[in-house]
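Next come the chains, spelled out residue by residue.
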Protein chains: 2
Amino acid sequence: MSETAVLRLGHRHARDRRVSTHLCLTARAFGADRVVFPELDDSIRDTVGDVVDRFGGSFRVEQRPDWRPLVREFPGPVLHLTMYGEPHTDVAAELGEGPVLLVVGAGKVPREVYELATRNVAVGHQPHSEIAALAALLDELEGPEALYAKREGAEVEIRPSGSGKDVRHPDRGDDPA
Amino acid sequence: MSETAVLRLGHRHARDRRVSTHLCLTARAFGADRVVFPELDDSIRDTVGDVVDRFGGSFRVEQRPDWRPLVREFPGPVLHLTMYGEPHTDVAAELGEGPVLLVVGAGKVPREVYELATRNVAVGHQPHSEIAALAALLDELEGPEALYAKREGAEVEIRPSGSGKDVRHPDRGDDPA
């Protein structure tokens, strides 16, 4: 399996905490392996860690103060999400297999990101949300299989239900979902 | 064209403002026609109104203190987004043409929503973000055509660009995108 990594730039402490937490959980749910922050809030690390502990898998968040070497040395295409880029459906159709790094800004990103990226990728050319953009691009790259994949080591598994909540605890002897 | 409406339940003033703003802009970008709140922050109305003024189209946000008649009388299926529901790809494949109402909670929703909804729909069974869930479901229902559709009356249009920003102002005589 090739790695799918996300670099979150421009996160502002406190102000962006909830949006960045949503972004991390979206990355995890849609099949990314990790999200890297230049500066990582403890509260994001804790919230994401709790979800991984309960729902399984090996997703992680990391801090890397100097993000440029990650972008320059990444062993695959670096896709910078921006409403000014090329349509995501076109870019996804042209990508082969292999590792990919998605760069997601909060507000404005340094101009050099446009130059360092392999491709600048738009999920529509309307202003919306980096969370939605990441979800749509990962969905295009990883497919719904990633979203519905079973996670290893889950304490909690949820089964589809038409009318309520069907929650299983495999480690307590429940049937696995 | 059939209507696609979104009902946002459980929005908490101030605390959810940014997430609900992202949600509204995501709804607009991915092809919904309106988002209804039982109680609507002025700041959300203003931010969304500014985007519609600049980027065009007829998307709107509305306040409707009693949301139950909207759900009960809606002339099409009511899809409640919840991680406990049925896979979104299955539900989308079974839906015909026509109007649809998507119900999106912030945190817990009243139990009756599970009963009032035509279908409870999961976008994966992992905890993530209602913004991502709405984006993925709208993408499945509306297709990328909605995301890339030209908006009527736009002051600003963005053209795809591999390396920078290509912003047009049709009302100033720029070539339309």
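Residues numbered from 1 in each chain as written. Chains lettered and ligands numbered in written order. Predicted model: local features only at pLDDT ≥ 70, side-chain atom pairs only at ≥ 80, totals over all residues. Heavy atoms only, no water.

Draft legend 1. Highlighting the overall build of chain A. Scanning chain A for helices and strands turns up 6 helices and 8 strands. Reading chain A from its N end, one meets helices and strands in the order β-α-β-α-β-α-β-α-β-α-β-α-β-β. Relative to the globule expectation of 16 Å for 177 residues, the C-alpha radius of gyration of chain A, 17 Å, shows essentially globular dimensions. Its C-alpha atoms give chain A principal-axis dimensions of about 55 × 35 × 30 Å. Looking at the 177 residues of chain A, the share that counts as buried comes to 53%. Of the contacts formed within chain A by residues at least 6 apart in sequence, a portion of 75% connects residues at least 24 apart. Surface exposure of chain A reaches about 7,700 Å², of which carbon and sulfur atoms provide 46%. The positive charge centre, built from 22 side chains, and the negative charge centre, built from 30, are 5 Å apart in chain A. (Helix = DSSP H or I, 4+ residues; strand = E, 2+ residues; numbered from the N terminus. Rg over C-alpha atoms; globule rule 2.2 N^0.38 Å. Buried < 20%, exposed > 50% of the residue type's maximum accessible area, 1.4 Å probe, protein only. Contact = heavy atoms within 4.5 Å. Areas by Shrake-Rupley, 256 points an atom, 1.4 Å probe, with all protein chains shown as cover. Lys, Arg positive; Asp, Glu negative; His and termini not counted. Charge placed at Lys NZ, Arg CZ, Asp CG, Glu CD.)

Draft legend 2. Spatial organisation of the interface of chain B and chain A. With 53 residues of chain B in contact, the opposing surface of chain A contributes 52 residues. Taken over both partners, the interface formed by chain B and chain A buries close to 4,400 Å², and the fraction arising from carbon and sulfur atoms is 61%. For the chain B face of the interface with chain A, the top three residues by lost area are Arg18, Tyr84 and Tyr148 of chain B, together amounting to 16%. For the pair chain B and chain A, the number of links is 2 salt bridges. A salt bridge links Arg18 of chain B to Asp16 of chain A; the nearest nitrogen and oxygen atoms lie 2.9 Å apart. Joining chain B to chain A, the criterion identifies 20 residue pairs in polar contact (both at pLDDT 80 or more). Per element, the largest residue contribution to the side of chain B that touches chain A is 7 residues, and it comes from helix α1 (residues 17–29) of chain B. Tallied by class, the residues present in the side of chain B that touches chain A amount to 24 nonpolar, 15 polar and 14 charged. (Buried area = accessible area lost by both parts, 1.4 Å probe. Salt bridge = Lys/Arg side-chain N within 4 Å of Asp/Glu carboxyl O. Polar contact = N/O pair within 3.5 Å; in protein donor to acceptor, adjacent residues only side chain to side chain. Nonpolar A, V, L, I, M, F, W, Y, C, P; charged D, E, K, R; others polar.)

Draft legend 3. Examining the relation of the copies chain B and chain A more closely. Here chain B sits on chain A after a turn of 180 degrees about the axis and a move of 0.0 Å along it, with an RMSD of 0.0 Å. On this basis, the relationship between the two copies can be described by a two-fold rotation axis. When C-alpha distances to the rotation axis are compared across chain B, the minimum falls at Ala132 of chain B, with a value of 2.4 Å. Mapped onto chain A, 98% of the interface residues of chain B are again interface residues, and the two copies thus contact each other with one and the same surface. (Least-squares fit on C-alpha atoms with pLDDT ≥ 70 in both.)

Draft legend 4. Fine view of the side chain of Arg151 of chain B. All names here are of chain B. Here Arg151 shows up in the loop between α7 (144–148) and β7 (157–159). Despite its burial, Arg151 pairs with no opposite charge; the closest candidate is Glu142, at 9.1 Å N-O. Here Arg28 takes part through its backbone oxygen, which lies 3.0 Å from a polar atom of the side chain of Arg151. A distance of 3.1 Å separates the side chain of Arg151 from the backbone oxygen of Ala29, its partner in a polar contact.

Draft legend 5. Geometry of the environment of Lys108 of chain A. As for its position among the elements, Lys108 of chain A is in the loop between β5 (100–105) and α5 (112–116). For Lys108 of chain A and Tyr84 of chain A, which are 24 residues apart along the polypeptide, the C-alpha to C-alpha distance reads 12 Å.

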